[in-house]
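# Examining the three-dimensional arrangement
The residues making up each chain are set out below.
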Amino acid sequence: MIIHQVTLHQIQMRMKTPFTNSLTTVTDRELILVEVEDESGRIGWGECSAFSSPWYTEETIGTAWHVMEDFLIPRLLHTSLHHPRDVAERFQPIRRHPMAKAAIEGAVWDVWCKAEGIPLARALGGTREQIASGVAVGAGDLGVMVETIRCRVEQGYRRVKVKVKPGADIKVLKRIRLEFPDLPLMADANSAYTLEDVDHLKQLDDFSLMMLEQPLAADDIVDHARLQAELSTPICLDESLHSAADVRRALELGSCRVVNVKPARVGGLSEAKRIHDLCLDRGIPLWCGGMLETGVGRAHSIALASLDGFTLPGDISASNRYWHQDVIEPEITLEEGSIKVPWDRPGIGFEVDRHRLQEVRVKKKVYT
Ligand SMILES: O=C(O)CCC(=O)c1ccccc1C(=O)O
Ligand SMILES: [Mg+2]
């Protein structure tokens, strides 16, 4: 297969409600959709999930556009690819910038699967007919959080993740547990604590949390190992894990007992699959995180989460969780707390709605 054209579409979509965590509030989601075309005119789609500013990791849509335009797209265009795995190899001389790489690799997976006539879930080695869906609830007014959780539970979501930070943790979880004693519940701190908070964090063991996600620094795995030794609640790492090698090291140190994988954070689906294989081999529970994505990013995550090792509900929710209107057709919907894997359609299994894309697009460039 030869990719003879790449188009970058920068879009901006207003969120239904702003999403707040310990670091920032996202109101208008800007991101980049990547469209690749092969020599037969087949189209594939990928999503670059970087944010407008570098609060989650160091990439932004600006750095990603630059890296894709100046380094990644020139390495991809007009060269022969046998498999989407070749893309990561082609990008290997470029250090880091995982979200830029994942976006292009994702688009190649989609077009390659379409050329082969197979669903992305099959190409990745997936088996599940449907994936159990969890949902993230942003930080905010406690009464609003409780009502939001009630609404999500009624919609059928299988587990709820809430954002916590110092000053908005114990009382938040106490209240939620009072209202929902048996809810599968977890908390994500997005690095809001330090090792000095060990005694404070030990109190979280009282709330039967499925796990505590990324309590300490984004670049740490040593302090997390110390903290895990003190907590009975399993720690799950997000920001600290960029590759299968990172996951192996974190597991060897005992820095976490659960792994969150996001194709965007680890440089693409090929690396995400490597992490899956490692976790499956070691019996480590794994789930697929989210990035406030459009349906394009979600579709890739649904295919990934159809693999055997994804034993926990992740943050892959329905299109209407964040968007009044998604950019894909059909939209992603929840059925009894699950999302159907589109086994009957090739590639990611969803079409980009060109009319909707034009409505939300703020910048476009074609590379040939
Ligand atoms: O629902 C989602 O898409 C994920 C929500 C979420 O927690 C999140 C959203 C954006 C960036 C980082 C995170 C995170 O998992 O820390
Ligand atoms: Mg997280």
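For clarity, every value in this text was computed on a predicted model and none was experimentally measured. (Residues numbered from 1 in each chain as written. Chains lettered and ligands numbered in written order. Predicted model: local features only at pLDDT ≥ 70, side-chain atom pairs only at ≥ 80, totals over all residues.)

Omega for the bond connecting E329 with P330 falls within 30 degrees of zero, at -10°, which places this linkage in the cis form. Turning to its location among the elements, P330 is positioned in the loop between β12 (328-329) and β13 (338-340). For H97, which is not a glycine, the phi torsion comes out positive at approximately 50°. Here H97 is to be found in the loop between α2 (85-91) and α3 (98-116). Here the phi dihedral of E336 falls at roughly 50°; this positive angle occurs in a residue that is not glycine. Looking at the secondary structure, you find E336 in the loop between β12 and β13. (Helix = DSSP H or I, 4+ residues; strand = E, 2+ residues; numbered from the N terminus.)

Attention now moves to the sheet that holds strand β1 (residues 3-20). Taking strand neighbours across the sheet as the criterion, the four strands line up as β3-β2-β1-β15 in an open arrangement whose pairing is antiparallel. Edge positions in the sheet fall to β3 (43-48) and β15 (361-367), since each of these pairs with one other strand and no more. Within the sheet, the average angular offset between the axes of one strand and its neighbour, ignoring direction, is 20°. Across the sheet, helix α1 (residues 61-76) touches β1, β2 (25-38), β3 and β15, and the angle it forms with β1 is around 160°. (Pairing = 2+ DSSP bridges. Axes fitted to C-alpha atoms, helices over the stretch in contact; angles between N-to-C directions. Contact = placed C-beta atoms within 7 Å.)

Here we come to the domain arrangement of the protein. As a measure of interface size, the accessible area lost when the parts come together is often cited. When cut into domains, the protein gives domain 1 (3-117 + 351-367) and domain 2 (122-340). For domain 1 and domain 2, the distance between their C-alpha centres works out to 23 Å. Listing elements by their share of the side of domain 1 that touches domain 2, those giving two or more residues are β1, β2, β3, α2, α3, β14 (351-352) and α14 (354-360). Partitioned by chemical class, the residues of the side of domain 1 that touches domain 2 number 18 nonpolar, seven polar and nine charged. (Domains from an automatic or database assignment. Nonpolar A, V, L, I, M, F, W, Y, C, P; charged D, E, K, R; others polar.)

Turning to the environment of D326, a few remarks are in order. One can find D326 in the loop between α13 (319-322) and β12. D326 gets classed as buried once you count the C-beta atoms within 10 Å, which come to 23. Distance from D326 to D353, taken between C-alpha atoms, is 8.5 Å for residues 27 residues apart in sequence. For D326, the residues in contact, after removing those within four places along its chain, are T294, G295, S319 and E331. (Buried ≥ 20, exposed ≤ 12 C-beta atoms within 10 Å, placed from the backbone.)

Below, the discussion takes up the environment of Y193. With respect to the helices and strands, the residue Y193 is situated in the loop between β7 (185-188) and α7 (198-202). Assessed through the 23 C-beta atoms surrounding it within 10 Å, Y193 is described here as buried. Excluding its chain neighbours within four sequence positions, the residues that come into contact with Y193 are P166, L201, P215 and L216.

Backbone hydrogen bonds are what pair the strands of a sheet, in a parallel or an antiparallel way. Here we have seven strands laid out as an open sheet, ordered β5-β6-β7-β8-β9-β10-β11, and parallel in their pairing. Each of the sheet's edge strands pairs with one partner strand only, and the pair in question is β5 (134-137) and β11 (286-288). Relative to strand β10 (residues 258-261), helix α11 (residues 269-282) is tilted by about 165°, and along the sheet it contacts β10 and β11.

On to helix α9 (residues 244-253), then. Among the residues of α9, those classed as buried are A244, V247 and A250. Taken around the axis of α9, the buried residues stretch over an arc of 120°, which confines them to a single face. Just downstream of α9 lies G254, where phi reads positive at about 75°. (Arc of directions from axis to C-beta.)

In this section: the UniProt feature "active site" (unreviewed entry) in the protein. Within this numbering scheme, the UniProt entry marks K163 and K262 as carrying the feature "active site" (unreviewed entry). Secondary-structure assignment places K163 in strand β6 (residues 159-163). In this structure K163 comes out as buried when scored by C-beta crowding, with 24 C-beta atoms within 10 Å. When sequence neighbours within four positions are dropped, the list of residues in contact with K163 reads T20, N21, S22, G138, A139, D188 and N190. (UniProt positions renumbered as here; feature names shortened; annotations may be inferred.)

In this section: the pairing of β3. For β3, the tally of buried residues reaches five of six residues, placing the bulk of the element in the interior. Relative to β3, β2 is paired through six bridges, and the arrangement is antiparallel. Bridge assignment links L33 to a residue of β3, and that residue is E47.

Let us now look at the site of ligand 1. Close to ligand 1 lie Y56, A136, D188, N190, D238, G289, G290, M291, L292, D315 and S317. Looking at the shell around ligand 1, its residues break down into four nonpolar, four polar and three charged. (Near = placed C-beta within 6 Å.)

Here we take up the packing of helix α5 (residues 142-155) against helix α6 (residues 170-179). Contact pair α5 / α6: the axes reach a minimum separation of 10 Å and the direction vectors enclose 40°. With respect to their mutual orientation, α5 and α6 come out oblique. The element α5 and its partner α6 pack so that their crossing is right-handed. Listed contacts from α6 to L142, M145, V146 and I149 of α5 are V172, R175, I176 and E179. Broken down by class, the residue content of the contact of α5 with α6 amounts to six nonpolar, no polar and two charged. (Parallel < 35°, antiparallel > 145°, perpendicular 65-115°, else oblique. Left-handed = near helix turned anticlockwise from the far one by under 90°.)

With that settled, consider the UniProt feature "binding site: Mg(2+)" (unreviewed entry) in the protein. Those places that UniProt annotates as "binding site: Mg(2+)" (unreviewed entry) correspond, in this numbering, to D188, E213 and D238. For the annotated residues, spread through 51 residues, the largest C-alpha to C-alpha distance comes to 9.2 Å, consistent with a single compact locus. Relative to the assigned elements, D188 resides in strand β7. With 26 C-beta atoms counted inside 10 Å, the residue D188 sits in the buried group. Residues contacting D188, with those up to four places away along its chain left out, are K161, K163, E213 and Q214. With respect to the helices and strands, D238 occurs in the loop between β9 (235-237) and α9. Take D238: there are 22 C-beta atoms within 10 Å of it, and that puts it in the buried class. Not counting the four nearest positions on each side in its chain, D238 is found in contact with E213, Q214, N260 and G289.

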